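Architecture at a glance
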Amino acid sequence: MALGNRKSSDIFNKKTGGSKDSKSIDTAKETEIKNKFDNGEHIEDAGMFENLAPALYAIQQLTEDIEELRRYITAEVGDGAQGPQGPAGAKGDTGATGATGARGADGARGPAGADGADGAAGTTDASKLDASTLPTSRPKDRNKLWNNRGVVNVS
């Protein structure tokens, strides 16, 4: 709910020059009024106090109400900092899907390649084996040939 329009008006103001009106006072007069209030002169003069008592009582109640509003706003509403975040809203539409890139290692396996050419005719003569084209460390698989320092061995 919005704040209503102000009903009260200033008791006095400090307007000067062309904006001065019937409620305008200068700084010296304001200081005089403040000093009388601070010194309790409005209570010490019994005749003045009797005349002002109902108005002073109403002003005191207003002061207490204002202080209660100040306490409530500070404690319950806060200092103007952002409050807790509300619940999340509904999820928006999904955007368009971008192009699918190359799948690389994750892609489907391609078709099998063509069979290789037949090898050259072999020989059973061990003296004609060339160890220079064989691996130089013992293969993990069994029955494989390997070059053991110039000697052909079978793993």
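Placed above this text is the structure.
For the structure given in this document, a descriptive report is provided here. (Residues numbered from 1 in each chain as written. Predicted model: local features only at pLDDT ≥ 70, side-chain atom pairs only at ≥ 80, totals over all residues. Heavy atoms only, no water.)

Some remarks on the overall build of the chain
If you tally the helices and strands in the chain, you get three helices and two strands. Seen in sequence order, the chain has helices and strands lined up from the N terminus as α-α-α-β-β. Residues counted as buried form 6% of the 155 residues belonging to the chain. When contacts within the chain are restricted to residue pairs at least 6 apart in sequence, those whose partners lie at least 24 apart make up 0%. (Helix = DSSP H or I, 4+ residues; strand = E, 2+ residues; numbered from the N terminus. Buried < 20%, exposed > 50% of the residue type's maximum accessible area, 1.4 Å probe, protein only. Contact = heavy atoms within 4.5 Å.)

With respect to the layout of surface pockets
The space that makes up the largest pocket amounts to roughly 770 Å³. Those elements that place two or more of their residues in the lining of the largest pocket are α1 (27-38), α2 (41-44) and α3 (46-77). By residue number, the principal contributor to the lining of the largest pocket is α3, which donates 10 residues. (1 Å grid on protein atoms, 1.4 Å probe; cavity = no way out; pocket = protein on both sides within 12 Å on 5 of 7 lines; lining within 4 Å. Points joined across faces, edges and corners; volume = space filled by probe spheres on them.)

Focus on a nonpolar patch on the surface
A contiguous nonpolar patch, built from Leu69, Tyr72, Ile73 and Val77 and spanning about 400 Å² of accessible area, is present on the exposed surface. Its location among the elements puts Ile73 in helix α3. (Patch = residues over 30% accessible without salt bridge, like charges linked within 9 Å, V, L, I, M, F, W, Y side chains within 5 Å. Areas by Shrake-Rupley, 256 points an atom, 1.4 Å probe, with all protein chains shown as cover. Salt bridge = Lys/Arg side-chain N within 4 Å of Asp/Glu carboxyl O.)

Describing the pattern of salt bridges
Within this structure, the stated rule accounts for eight salt bridges. Here Glu32 makes a salt bridge to Lys36, at a shortest N to O gap of 3.6 Å. With Glu32 and Lys36 both in helix α1 and four residues apart, this pair spans about one turn of that helix. On the basis of relative accessible area, Glu32 is assigned to the partly exposed category, the value being 37%. In this structure, the salt-bridge partner of Lys34 is Asp38, at a minimum N-O distance of 2.6 Å. With Lys34 and Asp38 both in helix α1, this residue pair falls four residues apart, about one helical turn. Look at Asp38 and you get partly exposed, because its relative accessible area is 49%.

Examining the side chain of Asn13
Within the element layout of this structure, Asn13 appears in the segment before α1. On the basis of relative accessibility, which here comes to 9%, the residue Asn13 falls in the buried class. Among the polar contacts made by the side chain of Asn13, one reaches the main-chain amide nitrogen of Lys15 at a distance of 3.0 Å. (Polar contact = N/O pair within 3.5 Å; in protein donor to acceptor, adjacent residues only side chain to side chain.)

Focus: α3
Spanning 32 residues, α3 covers 43 Å between terminal C-alpha atoms, matching the ideal 46 Å at 1.5 Å per step. Of all the bends in α3, the greatest, near 55°, is centred on Leu52, and the proline Pro54 appears no more than four residues after it. Positive backbone phi, at 105°, marks Gly78, one or two positions downstream of α3. (Expected span 1.5 Å × (residues − 1). Bend = angle between axes of the 7 residues up to and from the residue.)

Just geometry here; none of it tells us what the structure is for.
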